[in-house]
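Here are the chains, one letter per residue:
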Amino acid sequence: MSRASRRLPRSFYEKDVLEVATKLLNKVVVSERDGLRLAARIVEVEAYRGAEDEAAHSFRGPTKRNATMFGPPGHWYVYFSYGMHWCANLVVAPAGTPHAVLVRAAEPLEGFEVMRERRPKARTDRDLLRGPGRFGSALGFTGADDGLDAVNGPIRVVDDGVAPPERPAIGPRVGITKAAEEPWRFWVPESRFVSATRRATNIRPD
DNA sequence: TAAAAGATCCCCT
DNA sequence: GGGGATCTTTTAT
């Protein structure tokens, strides 16, 4: 990244999950470990709203899997999906309020070689991180990363000066059956790195 | 103890 | 557009 970047403070994650989700758009995930530096810009997310959201893993209370969601904000909640993929969320709201934002797609910025090695099926760089399982794979997330601190840990979220879209595209979440009508998926409308194949149901009025 | 569902991806038609 | 891969977690018996 050519511009100066700064870490997001933990307070960034303490607001309403829908607001945090839209503000995470265009933020950058930076992973520095094993002597590798990877970076990717978040272009698509989904909000999961804890006890009020039947589609959230945390809806029925804490379990071994979802424990991180009940912890403090600004940490990675990583879970194993469909027997083969690792998906990564950012925990939102104070400890005890199990809200989270799933990262669904990102634009690769740094570490192309490593990402291509980890994603041999990707025909083009557009497909490296386009989808939550692909994002987890390209960035090297595994179950060992569940609970990692996204503020001070090896995989951080930073602001490199690119503002979130003024009017993010909004639509229903993907791959769920409960609360499937809630328009809690947000993406950067002009980005070609989004996984979205469905059109937006509306555009945010502010 | 068993069965079903699951915040997905990939290949085939 | 549809189905298989693959296995953990959750829910039902």
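The preceding data block contains the structure.
Residues numbered from 1 in each chain as written. Chains lettered and ligands numbered in written order. Predicted model: local features only at pLDDT ≥ 70, side-chain atom pairs only at ≥ 80, totals over all residues. Heavy atoms only, no water.

**Thoughts on the protein's contact with DNA strand C**
Taken together, the residues surrounding DNA strand C are R60, T63, R65, F80, Y82, G83 and M84. Close to the protein, within 4 Å, the atoms of DNA strand C are drawn from sugar and phosphate at a rate of 65%. Contacts to DNA strand C include R60, whose side-chain N or O atom sits 2.7 Å from a phosphate oxygen. In this structure, a base oxygen belonging to DNA strand C sits 2.7 Å away from a main-chain N or O atom of Y82. Within the surface near DNA strand C, the residues separate by chemical class into three nonpolar, two polar and two charged. (Near = heavy atom within 4 Å. Polar contact = N/O pair within 3.5 Å; in protein donor to acceptor, adjacent residues only side chain to side chain. Nonpolar A, V, L, I, M, F, W, Y, C, P; charged D, E, K, R; others polar.)

**Re the pattern of salt bridges**
All told, the structure shown has 17 salt bridges when counted by the stated rule. Salt-bridge contacts for R173 lead to D53; the nearest nitrogen and oxygen are separated by 2.7 Å. One end of the pair, R173, is in the loop between β8 (169-171) and β9 (185-187); the other, D53, is in the loop between β3 (36-49) and β4 (76-81), and 120 residues separate them in sequence. Comparing R173 with D53, the two get one shared label, buried. Residues participating in the shared-partner salt-bridge network are E44, E46, R104 and R185. (Salt bridge = Lys/Arg side-chain N within 4 Å of Asp/Glu carboxyl O. Helix = DSSP H or I, 4+ residues; strand = E, 2+ residues; numbered from the N terminus. Buried < 20%, exposed > 50% of the residue type's maximum accessible area, 1.4 Å probe, protein only.)

**Observations concerning the packing of aromatic side chains**
By the definition in use, this model includes five aromatic pairs. Summarising the aromatic geometry, the rings of F80 and W86 are spaced 4.6 Å apart at their centres and angled 40 degrees between planes, so their arrangement reads as tilted. Here F80 falls in the partly exposed class, since its relative accessible area comes to 41%. Taken together, the aromatic side chains of W76, F135 and F141 make up a single cluster linked through ring pairs. When the ring centre of Y48 is taken as origin, the NZ or CZ atom of R173, which lies over that ring, is 4.6 Å away. (Phe/Tyr/Trp six-rings, centres within 6.5 Å; stacked < 30°, edge-to-face > 60°. Lys NZ or Arg CZ within 6 Å of the ring centre and 35° of its normal.)

**Describing the protein's contact with DNA strand B**
Taken together, 22 residues surround DNA strand B, and among them H57, Y79, N89, G133 and R134 come closest. Here the atoms of DNA strand B within 4 Å of the protein split so that 56% fall in sugar or phosphate, with bases taking the remainder. H57 has a polar side-chain atom sitting 2.5 Å from a phosphate oxygen of DNA strand B. One nitrogen or oxygen atom from the side chain of Y79 is found 3.3 Å from a base nitrogen belonging to DNA strand B. The biggest single contributor to the surface near DNA strand B is helix α3 (residues 132-139), with three residues.

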